[in-house]
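Structure assessment
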Amino acid sequence: MTDSKYFTTTKKGEIFELKAELNSDKKEKKKEAVKKVIASMTVGKDVSALFPDVVNCMQTDNLELKKLVYLYLMNYAKSQPDMAIMAVNTFVKDCEDPNPLIRALAVRTMGCIRVDKITEYLCEPLRKCLKDEDPYVRKTAAVCVAKLHDINAQLVEDQGFLDTLKDLISDSNPMVVANAVAALSEIAESHPNSNLLDLNPQSINKLLTALNECTEWGQIFILDCLANYTPRDDRESQSICERVTPRLSHANSAVVLSAVKVLMKFMEMLPKDLDYYGTLLKKLAPPLVTLLSAEPELQYVALRNINLIVQKRPEILKHEMKVFFVKYNDPIYVKLEKLDIMIRLASQANIAQVLAELKEYATEVDVDFVRKAVRAIGRCAIKVEQSAERCVSTLLDLIQTKVNYVVQEAIVVIKDIFRKYPNKYESVIATLCENLDSLDEPEARAAMIWIVGEYAERIDNADELLESFLEGFHDESTQVQLQLLTAIVKLFLKKPTETQELVQQVLSLATQDSDNPDLRDRGYIYWRLLSTDPVAAKEVVLAEKPLISEETDLIEPTLLEELICHIGTLASVYHKPPSAFVEGSRGVMHKRLPARTGSCNILIMSKLNSSLLSPQLGGDIGGSPAMGAGFGAAPTVMPASLNAPVGGGLGDLFDLGGGVGMPMGAYIPPKTVWLPAMKAKGLEISGTFARRAGVIQMELVLTNKAMSVMTDFAIQFNRNSFGLAPAGPLQVLTPLGPNQTIEVSLPLSTVGPVMKMDPLNNLQVAVKNNIDVFYFSCQYPISMLFVEDGKMERQVFLATWKDIPNDNESQFQIQDCHLNSEAASNKLQGSNIFTIAKRTVEGQDMLYMSIKLSNGIWVLAELKVQAGNPNYTISLKCRAPEVSQCVFQCYEAVLKN
Amino acid sequence: MINSLFLINPSGEMFLEKHWKSVVSRSVCDYFLEAKEKALEPEDVPPVIHTPHHYLISIYRDKLFFLSVIQTEVPPLFVIEFLHRVAEMIQDYFGECSETVVKDHMVMVYELLEEMLDNGFPLATESNVLKEMIRPPTILRSVVNTLTGTSNVGDTLLTGQLSTIPWRRAGVRYTNNEAYFDVVEEIDAILDQSGTTVFAEIQGVVEACVKLSGMPDLTLSFMNPRLLDDVSFHPCVRYKLWESERVLSFIPPDGNFTLMTYHVNAQNLVAIPVYVKQSISFFECGSDGRLDVTVGPKQTMGKTVEGVMVTVHLPKTILSINLTATQGSYTYDNGTKLLVWDIGKLNPQKLPNLRGSLSLQAGAPKPEENPSLNIDLKIQQLAISGLKVNRLDMFGEKYKPFKGVKYITKAGKFQVRT
């Protein structure tokens, strides 16, 4: 007896017949009729006309019938809100039923009826159910709060259900805890700024206990919630890791991956020399490998995540290359992902194996896969230098197969190999040239043309080859046209005598017969260069090219860090931050700091988690292509917006400077390298900070260590503790040539946006040039912020000293300082640390000093100097004791320099 | 969380939809159908698809697409695991998972889906729990139900749902108390032309069928647990004891379940039970080729290899084949170009061989790709990794159960490249 019988009645009077059956006296007949109705509903037939009749069946003791009616109600209540009210009474009554199953069922169904009028009636029963004695009812009610929130968020807040839900996190039953966490997480998504899941060590402990006892799905919710927590120190971090590790052996892959996320995030906090750190790394590999033996869809998600993990921590899977070998019956989406990871794991140790595999793949059937495999061989050559020769010979073998798309891919990658290893493999050019005719894809044609142009002097018939391309110039794609233009100009510069005609031809094709502005402009530039100054033309066109980087497709480090925090989510599948694609983005985990400046809106993201150890400034700029343009225009826009407030401020400071009679000799720390050239595509930045005549200045030395000219410099700070911000644009007006150095001094204001940093004097900086945007962070001596009017009246000093609680006093030792108190006092004054009084007690000089910071904070100090003792003792008192440490460092630096 | 579920057959027809939150229009599936059109094989449809307002996460299983619609950031693995659970549930309840079966039990499937999720949150996904709430159909029961008017829906609250062992129902009673364990190992391997192992690993699983009364507490120990360095357990297994003593201690669910899965690493040497000598070659000129395949036993630990089957996807340009097999029989489907050679038991004295000629379509070039051979095999009473169960102890109940362990080795994804 099957349900298909319910579909057999397709006659016209079907609805009437059902109506009659629904109103039948016989229970059995009624139930059959409701089943028929449900069956029609599931396949999308409209049976809403039967609403009153079905609702009439609700008053029954038969649980199955009740459930069926509830199913129907959930589907149609929305379209029949007035009718649905009829059902309310039954619901309210059922919520009081002695059977917990019925109570739970009623509250569950009520939440699914998405009708505003009904939700009002739901509040009271729901409140009772949240406190029900039976955990089954409580856990159902917890989910119901999420449902209600989806329908009417305001109501849920007004009724205080959110607090009740938060209380349930401490429930005695793990299932209830899990559901409460799940419901809160869902609600939190639409409330980015609420602290719904404000975790503290106690609640973390509750969650970890529940983690061991709840269902697999509950474990996922709890783990995802744990991942949002920031442990206080490495010890807490380790203890959480220890309690999460057993989840790696769970049969449910989603549990495993969520556990991996927690571990990947928290192990950032563990010291690398800790034994446990090594153990943890070892434990992560097997579960990841196991995920690859699951169903293909799971494999796909796992592989996307592994791709992130191997970029962040390549050591975890470095010995597991073989599990990523492609099986011929893997779905294509799995194959492509595996290939990607193989390249990432390729190293000198395993390159032979990898190459053998790649060669195998290059003969497979699937065109996309074969292309990627060929490309991968090229990437291996570029990544592992020792293998380059073998890779090239493999590629040549593949070219011999004459399979069209293989040849084309091979030529594209060989071009890159030439770039990476100049003057090494040019002997293969002859072989490449043989295949000229078979190239029909723009990318391959462009690559081939590039090769011919680049090595024109070694190819005897380069002019003929290029001429053959020129015939169909206007049918080529822009990529090929541009490349052809450049190649012929190169050829002309190398062999001017024979190719005059050719170059004329291409220039006129590009400038006169083309309506592509890029092509036309490039044509004109070449034309003018060639006609005015052939030597300069040579320098420009045949300039040495910068090296290409080893790894391609690497995810930018800060984005990678963010994605690591999102392991297992959709973000990790798309390799994009959630804000980039999730509707109504959840700001909960994603901390972005918009720093508005003029029209160019630069977002320097703070590191997702300030405890992540990376010393680099986290950063991602806007993300839209328009961004580049905005930044380019920055120098002209920024002063307008920034100068106004700063201009006034500067005047004031100058006045003050005059008044105090600014002494020379303010301490300036030596210049240090802030941004090494390696990390910034050839741009090296070193610098220091100085306070000159009351103006804070950032003194930068920019060195261009790359091959190409750098222009369009601009600078931007992240929010910082004292609101430092550039008071004007970065004055680099002339382009910076290769190996050229320029010193710039950038005046700073202290009226920028404020955010507390750790350490306090940390400054995160973004510098942009025509090549890219780079990030670094540096620390400025806090003495830059000591203002010139920092001398306190004696009386005020005494009163303030007493007024500040003793808890705020901190004591430090300054060792090996051989100045007497007089000299020390003079030296300190140079950095705006003013001595107010001096007292001598038993051969010990006590100096009382005051300092005022640019943001108005006063720091009072007592310095004890004992004749003959090189160790000073200093006590600092301040209403903001956080600054003491920095101030002390300043004392030390000033006194010792 | 999970918003909606659609079941779609290979021709693209939606035959079941279920919404756990607001109703999502069917038209959302158009994005999926578009992706399906683009894919060459149904297996190749990408599992995660992004549409302007929703995400579509799908699996392809038993020739059906299970497509879920989600609106917020939800772990995709969570959704995929759940979809597989739905497929398993249908299989479990109705014996198979197919369009016909679902259509035949539409209302029950619908009720089950309602029990599995609430507002998109998983509610009851354990087969034991579900079966107590909604009893699976049997011929006898449907007859009884019609006569007495009772229903398939349980009306008591399940004790299992709330206890800390949600996988086991209370009050289990059997007259014969039995516990059976099957250790099943699958060899995944890639061999290259010369027979060298490129990659090999063993995927193992311990399937259990436990029919014991009351609340038995079992302990299963292995002779050589060190072999297993990577294991995943059923939630019932106490992980701490495994960590410290390397024994599996658990209160089992009632009936059939997967106790644990493991894999034996590629680093350890994996015994390859058969070798394959093959050559598939095409002549440079003319339109002919030859195929010659021989299979022989290698490391079989003295057991017989049975159920040997060789599957070859021949190149598309093959017109016809003419082969002779010394043992077993072969079938060839010219539409899919699939050659299947069913050998059966492997006799070490007389090695089975399949040879003959292949003819290409007139004028077709020499095929570029090399077909791979897929091998199927079975070895009874052997776990190829060498894993052995030591003993099974039962605590908590007085009776003496009947115990049994069976080993079997199979080929998983076992490929030979040519």
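Everything quoted here is computed from the prediction, not taken from an experiment.

Regarding its fold elements, chain B presents 7 helices and 23 strands. When contacts within chain B are restricted to residue pairs at least 6 apart in sequence, long-range pairs at least 24 apart make up 68% of them. As presented, chain B carries roughly 17,300 Å² of accessible surface, and 52% of it is formed by carbon and sulfur atoms.

Across its full length, chain A carries 36 helices and 15 strands. Counting all 897 residues of chain A, 58% fall into the buried class. Considering only intrachain contacts with a sequence separation of at least 6, the fraction spanning at least 24 residues in chain A is 65%. When the accessible surface of chain A is split by element, carbon and sulfur atoms take 50% of a total near 36,700 Å².

Residues and elements named next belong to chain A. Within the secondary structure, Glu788 sits in the loop between strand 10 (773–779) and helix 34 (794–803). Judged by relative accessible area, which is 2%, Glu788 ranks as buried. Polar side-chain contacts of Glu788 include one of 3.0 Å to the side chain of Arg691. Polar side-chain contacts of Glu788 include one of 3.0 Å to the side chain of Asn832.

Residue and element names in this part refer to chain A. Taken as a whole and judged by the stated rule, the model has 26 aromatic pairs over all chains. Between Tyr72 and Tyr76, the aromatic rings sit 5.0 Å apart at their centres with planes inclined by 50°, giving tilted as the arrangement. Taken together, the residues Tyr72 and Tyr76, both in helix 4 (residues 63–76) and 4 residues apart, mark about one turn of the helix. Its relative accessible area of 0% is what places Tyr72 among the buried residues. Both rings, one in Trp674 and one in Phe776, keep their centres 5.8 Å apart while their planes meet at 20°; by these two values the pair is stacked. Of this pair, Trp674 sits in strand 3 (residues 672–675) while Phe776 sits in strand 10, placing them 102 residues apart in sequence. An identical accessibility class is assigned to Trp674 and Phe776; each is buried.

The pairing of strands in a sheet happens through backbone hydrogen bonds and is either parallel or antiparallel. All names here are of chain B. The 3 strands lie next to each other as 12-10-22, forming an open sheet whose pairing is antiparallel. On the outer flanks of this sheet lie strand 12 (247–250) and strand 22 (389–395), each paired with one strand and no other. Averaged over neighbouring strand pairs, the angle between their axes works out to 15° when direction is ignored.

This next bit is on the pairing of strand 20 (residues 353–360) of chain B. All names here are of chain B. Burial runs high along strand 20: 6 of the 8 residues are buried. Here 7 bridges tie strand 17 (residues 318–325) to strand 20, and the two strands are oriented antiparallel to one another. Across the sheet, residue Leu323 finds its bridge partner in strand 20, namely Gly356.

With 101 residues of chain A at the interface, the matching set in chain B holds 98 residues. Carbon and sulfur atoms supply 58% of the area buried between chain A and chain B, which totals about 8,600 Å² over both sides. At the boundary of chain A and chain B, one finds 9 salt bridges. The shortest N-O distance in the salt bridge between A:Lys283 and B:Glu243 comes to 3.8 Å.

Looking now at the sheet that holds strand 23 (residues 402–416) of chain B. Residue and element names in this part refer to chain B. Overall, mixed pairing links the 9 strands, which are arranged 11-13-9-8-23-21-16-19-18 in an open sheet. Looking along the sheet, the strands with just one partner apiece sit at the ends: strand 11 (231–233) and strand 18 (329–333). Across the sheet, the mean angle from the axis of one strand to that of its neighbour is 15°, orientation sign disregarded.

What follows is about the nonpolar core. A:Tyr72, A:Val244, A:Leu317, A:Phe324, A:Phe418, B:Phe66 and B:Phe78 are the most contacted members of the largest nonpolar core, which has 281 residues in total. Among the elements that line this core, the one with the most residues is helix 2 (residues 76–94) of chain B, at 12 residues. B:Trp167, B:Val293, B:Leu358 and B:Tyr407 belong to the second largest nonpolar core, which has 70 residues in total.

With that settled, consider the pattern of salt bridges. Applying the stated criterion across every chain, the model contains 50 salt bridges over all chains. One salt bridge connects A:Arg371 with A:Glu409, and the closest N-O pair in it is separated by 2.8 Å. Of the two residues, A:Arg371 is situated in helix 20 (residues 367–383) and A:Glu409 in helix 22 (residues 404–420); the sequence distance between them amounts to 38 residues. Salt-bridge contacts for A:Arg692 lead to A:Glu699; the nearest nitrogen and oxygen are separated by 2.1 Å. Connected via shared salt-bridge partners are A:Lys67, A:Arg108, A:Lys147, B:Lys18, B:Glu114, B:Glu115 and B:Asp118.

On to unusual backbone geometry. Despite not being glycine, A:Lys402 has its phi angle at roughly 65°, a positive value. For B:Lys63, which is not a glycine, the phi torsion comes out positive at approximately 60°. Structurally, the position occupied by B:Lys63 is in the loop between strand 4 (55–61) and strand 5 (64–70). Given a relative accessible area of 60%, B:Lys63 falls into the exposed group.

To continue, consider the packing of helix 26 (residues 478–494) of chain A against helix 27 (residues 500–511) of chain A. For any two helices packed against each other, the geometry is given by the interaxial angle and the distance between the axes. Residues and elements named next belong to chain A. Where helix 26 meets helix 27, the axes come as close as 9 Å, and the angle between the chain directions of the two elements is 150°. With respect to their mutual orientation, helix 26 and helix 27 come out roughly antiparallel. In terms of crossing hand, the pair formed by helix 26 and helix 27 is left-handed. Contact with helix 26, carried on its side by Leu485, Ile488, Val489, Leu491 and Phe492, involves Gln500, Leu502, Val503, Val506, Leu507 and Ala510 of helix 27 and no other residues of that element. Across the contact of helix 26 with helix 27, the residue classes tally to 10 nonpolar, 1 polar and no charged.

With that settled, consider the confidence of the model for chain A. Across chain A, the average pLDDT comes to 80, with 88% of residues at or above 70. Between residues 584–664 of chain A, whose pLDDT stays under 50, and residues either more than four places distant or in other chains, the model counts 143 contacts.

A few words on the state of the cysteines. In a disulfide, the sulfur atoms of two cysteines are covalently bonded to one another. Residues and elements named next belong to chain A. Inspection of the entire model under this criterion finds 0 disulfides over all chains. There is no disulfide at Cys95, and the cysteine sulfur nearest it, in Cys129, is 4.6 Å away. Residue classification places Cys95 among the buried positions, given a relative accessible area of 7%.

All names here are of chain B. Of the strand pairs in this sheet, strand 16 (residues 306–313) and strand 21 (residues 373–380) are connected by 5 bridges, and their pairing is antiparallel. Bridging from a neighbouring strand, Thr311 pairs with Asn374 of strand 21. When strand 21 meets strand 23, the two strands line up antiparallel, connected through 5 bridges. Across the sheet, Lys378 pairs through a bridge with Lys410, a residue of strand 23.

Residue and element names in this part refer to chain A. Structurally, Leu863 is set in strand 14 (residues 858–866). Sequence spacing of Leu863 and Ile814 is 49 residues, and the spatial spacing of their C-alpha atoms is 9.8 Å. Residues in contact with Leu863, not counting those within four places in the same chain, are Leu828, Asp845, Met846, Leu847, Met849, Tyr872, Thr873 and Ile874.

Moving on, we come to a negative patch on the surface. Taken together, the side chains of A:Glu464, A:Glu467, A:Glu471 and A:Glu501 define an acidic patch exposed on the protein surface. Tracing the chain through its elements places A:Glu464 in helix 25 (residues 462–470).

Residues and elements named next belong to chain A. With respect to the helices and strands, Lys335 occurs in helix 18 (residues 332–345). Polar side-chain contacts of Lys335 include one of 3.2 Å to the backbone oxygen of Tyr328. Beyond its immediate stretch of four places on either side in the chain, Lys335 contacts Val326, Lys327, Tyr328, Asp330, Glu364 and Phe369.

On to helix 26 of chain A. With 17 residues, helix 26 of chain A should reach 24 Å at 1.5 Å per residue; the first-to-last C-alpha distance of 24 Å fits that figure. Within helix 26 of chain A, 13 of the 17 residues are buried, which leaves the element mostly enclosed by the surrounding structure.

Residue and element names in this part refer to chain A. Along its 12 residues, helix 36 (residues 884–895) runs 16 Å from first to last C-alpha, staying within 8% of the 16 Å computed at 1.5 Å per residue. Where helix 36 is concerned, the buried positions are Ser884, Cys886, Val887, Phe888, Cys890, Tyr891, Val894 and Leu895. In this structure, the buried residues of helix 36 make contact with strand 11 (809–814), helix 35 (821–830), strand 13 (844–852), strand 14 and strand 15 (872–878).

Rules used in this analysis
- Residues numbered from 1 in each chain as written.
- Chains lettered and ligands numbered in written order.
- Predicted model: local features only at pLDDT ≥ 70, side-chain atom pairs only at ≥ 80, totals over all residues.
- Heavy atoms only, no water.
- Helix = DSSP H or I, 4+ residues; strand = E, 2+ residues; numbered from the N terminus.
- Contact = heavy atoms within 4.5 Å.
- Areas by Shrake-Rupley, 256 points an atom, 1.4 Å probe, with all protein chains shown as cover.
- Buried < 20%, exposed > 50% of the residue type's maximum accessible area, 1.4 Å probe, protein only.
- Polar contact = N/O pair within 3.5 Å; in protein donor to acceptor, adjacent residues only side chain to side chain.
- Phe/Tyr/Trp six-rings, centres within 6.5 Å; stacked < 30°, edge-to-face > 60°.
- Pairing = 2+ DSSP bridges.
- Axes fitted to C-alpha atoms, helices over the stretch in contact; angles between N-to-C directions.
- Buried area = accessible area lost by both parts, 1.4 Å probe.
- Salt bridge = Lys/Arg side-chain N within 4 Å of Asp/Glu carboxyl O.
- Core = buried A, V, L, I, M, F, W, Y, C linked by side-chain atoms within 4.5 Å.
- Parallel < 35°, antiparallel > 145°, perpendicular 65-115°, else oblique.
- Left-handed = near helix turned anticlockwise from the far one by under 90°.
- Nonpolar A, V, L, I, M, F, W, Y, C, P; charged D, E, K, R; others polar.
- pLDDT = per-residue confidence, 0-100.
- Disulfide = S-S within 2.5 Å.
- Patch = residues over 30% accessible without salt bridge, like charges linked within 9 Å, V, L, I, M, F, W, Y side chains within 5 Å.
- Lys, Arg positive; Asp, Glu negative; His and termini not counted.
- Charge placed at Lys NZ, Arg CZ, Asp CG, Glu CD.
- Expected span 1.5 Å × (residues − 1).

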